[in-house]
Amino acid sequence: EDPSLERHFKGHRDAVTSVDFSLNKKQLASGSMDSCLMIWSMKPQMRAYRFVGHKDAVMCVQFSPSGHLVASGSRDKTVRLWVPSIKGDSTVFKAHTGTVRSVHFSSDGQSLVTASDDKTVKVWTVHRQKFLFSLSQHINWVRCARFSPDGRLIVSASDDKTVKLWDKASRECIHSFCEHRGLVNHVDFHPSGTCIAVAGTDNTVKVWDVRMNRLLQHYQGNSVVNSLSFHPSGNYLVTASSDSTLKILDLLEGRLLYTLHGHQGPATCVAFSRAGDLFASGGSDEQVMVWKTNFDAADYGDGLKTQKSGSSVDGSHLTGSEMDYGIHHKKTKAQDPGRNHEQQEEEASLMNTLEHIMGQLDVLTQTVSILEQRLTLTEDKLKECLENQQKIIQNKIN
């Protein structure tokens, strides 16, 4: 069964720039050139929230791993952290001196990496809401920056036609991939963390091994690729192109599986849900679309298990378009008729309890964050008092 259009969201008043699903797939966030961030409910007949605060186009949005915060970056040079509720409270991060084009949480939700037209990549702590450090070796706008799944590496893509790989701890650039003929629009890590996919204005998608720093796969399209997203199994890649199409690439076979036509005008952004059964796309036609993946569950069920159990899979034997991450296919349907109604109810109530706990945790996180801010203020005041006393003593001595 081919991927199919599931939902269609209309509400933005200008091109959509970015889309992302929350962990539980109940919400979808989108950013737009209309300066708004929208949170759409995946339940029918539920209203969407429009969050206003940015003074200019919203270039990027992402849910935190827990789904209790949304980060956004804007042409107004700020990053905002939103609580995706009716109130839509947000805090502002200021350190960039140019448009912020990319925001990305580390997988533990503790750090945020941002990329900007000021040619820097910046790393922040989420809870203390503090700027930590800059990575500044790019010589042109930085379009995209991502943490590796284990949080140890950062990859960034720039209009200087390079993709740089950074070590987060040492803050050093480990490698620069300079083999791109055009500007680099988008980059992301494979779920295994062993390779990256790069989308460019040279109409290509390239997959690089970040351990050997060599090219694994190369897909030549006939239009600029604006965005891409790995399926959580790591077996598929979805891309959004300026010719208005979305393409699904089969990485194991190294070939194009589907070309989807939905948008009128360039498709600007695309993202798989965390479970991989849905993906969302946005376009310059102001529309957000949600698609059902419809891959055979057996195609990637095993792949997901492989990745989750954290088995280290050595890809050093890869050649050309071989990308078998030790994922073995079983062509069996992954349905279990033995699951009865009671089990499903138990699971549902367990999910509700977990969500409640996550909500409580979020409130605690917010409170801790406020307390930390107050502490910092108190520390600053104390420092001021001590400095004043020193000055008074000095004056008396003199």
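Everything here concerns the structure above.
Remember, predicted model here, so these are calculated numbers, not experimental data.

Calculation rules
- Residues numbered from 1 in each chain as written.
- Predicted model: local features only at pLDDT ≥ 70, side-chain atom pairs only at ≥ 80, totals over all residues.
- Heavy atoms only, no water.
- Helix = DSSP H or I, 4+ residues; strand = E, 2+ residues; numbered from the N terminus.
- Buried < 20%, exposed > 50% of the residue type's maximum accessible area, 1.4 Å probe, protein only.
- Contact = heavy atoms within 4.5 Å.
- Areas by Shrake-Rupley, 256 points an atom, 1.4 Å probe, with all protein chains shown as cover.
- Pairing = 2+ DSSP bridges.
- Axes fitted to C-alpha atoms, helices over the stretch in contact; angles between N-to-C directions.

Comments concerning the overall build of the chain
Working step 1: What the chain contains, in helices and strands, is two helices and 28 strands.
Working step 2: Counting every position in the chain, which comprises 398 residues, the buried fraction comes to 49%.
Working step 3: Of all intrachain contacts in the chain linking residues separated by at least 6 positions in sequence, the fraction that spans at least 24 positions is 47%.
Working step 4: Of the roughly 19300 Å² that the chain leaves accessible, carbon and sulfur atoms contribute 52%.

A short note on unusual backbone geometry
Working step 1: At lysine 77, a residue that is not glycine, the phi angle is positive and equals roughly 75°.
Working step 2: You can see lysine 77 is positioned in the loop between strand S7 (70-74) and strand S8 (78-82).
Working step 3: According to the relative accessible area criterion, lysine 77 is partly exposed, its value standing at 40%.
Working step 4: The phi torsion at glutamine 129 lies on the positive side, around 55°, for a residue other than glycine.
Working step 5: Examined against the element boundaries, glutamine 129 turns out to sit in the loop between strand S12 (121-125) and strand S13 (130-135).
Working step 6: Taking relative accessible area as the criterion, glutamine 129 reaches 22% and is therefore assigned partly exposed.

Comments concerning the sheet that holds S8
Working step 1: Taking strand neighbours across the sheet as the criterion, the four strands line up as S6-S7-S8-S9 in an open arrangement whose pairing is antiparallel. Unpaired on one side and paired on the other, strand S6 (58-63) and strand S9 (90-94) mark the two borders of the sheet. Shown here is a sheet whose adjacent strand axes are inclined to one another by a mean of 20°, direction ignored.
Working step 2: Across four bridges, the pairing between S7 and S8 is antiparallel. Within S8, the residue paired with serine 72 across the bridge is arginine 80.

Looking at the sheet that holds strand S22 (residues 225-230)
The pairing of strands in a sheet happens through backbone hydrogen bonds and is either parallel or antiparallel.
Working step 1: If you walk across this open sheet you meet the four strands as S22-S23-S24-S25, and the pairing is antiparallel. The open sheet has two free edges, formed respectively by S22 and strand S25 (255-261), since each of these has just one partner strand. Neighbour to neighbour, the strand axes of the sheet diverge by 20° on average, direction disregarded.
Working step 2: Across six bridges, the pairing between strand S24 (residues 245-250) and S25 is antiparallel. Counted as the bridge partner of threonine 245 is histidine 261 from S25.

By themselves, these observations are geometric and do not establish any function.
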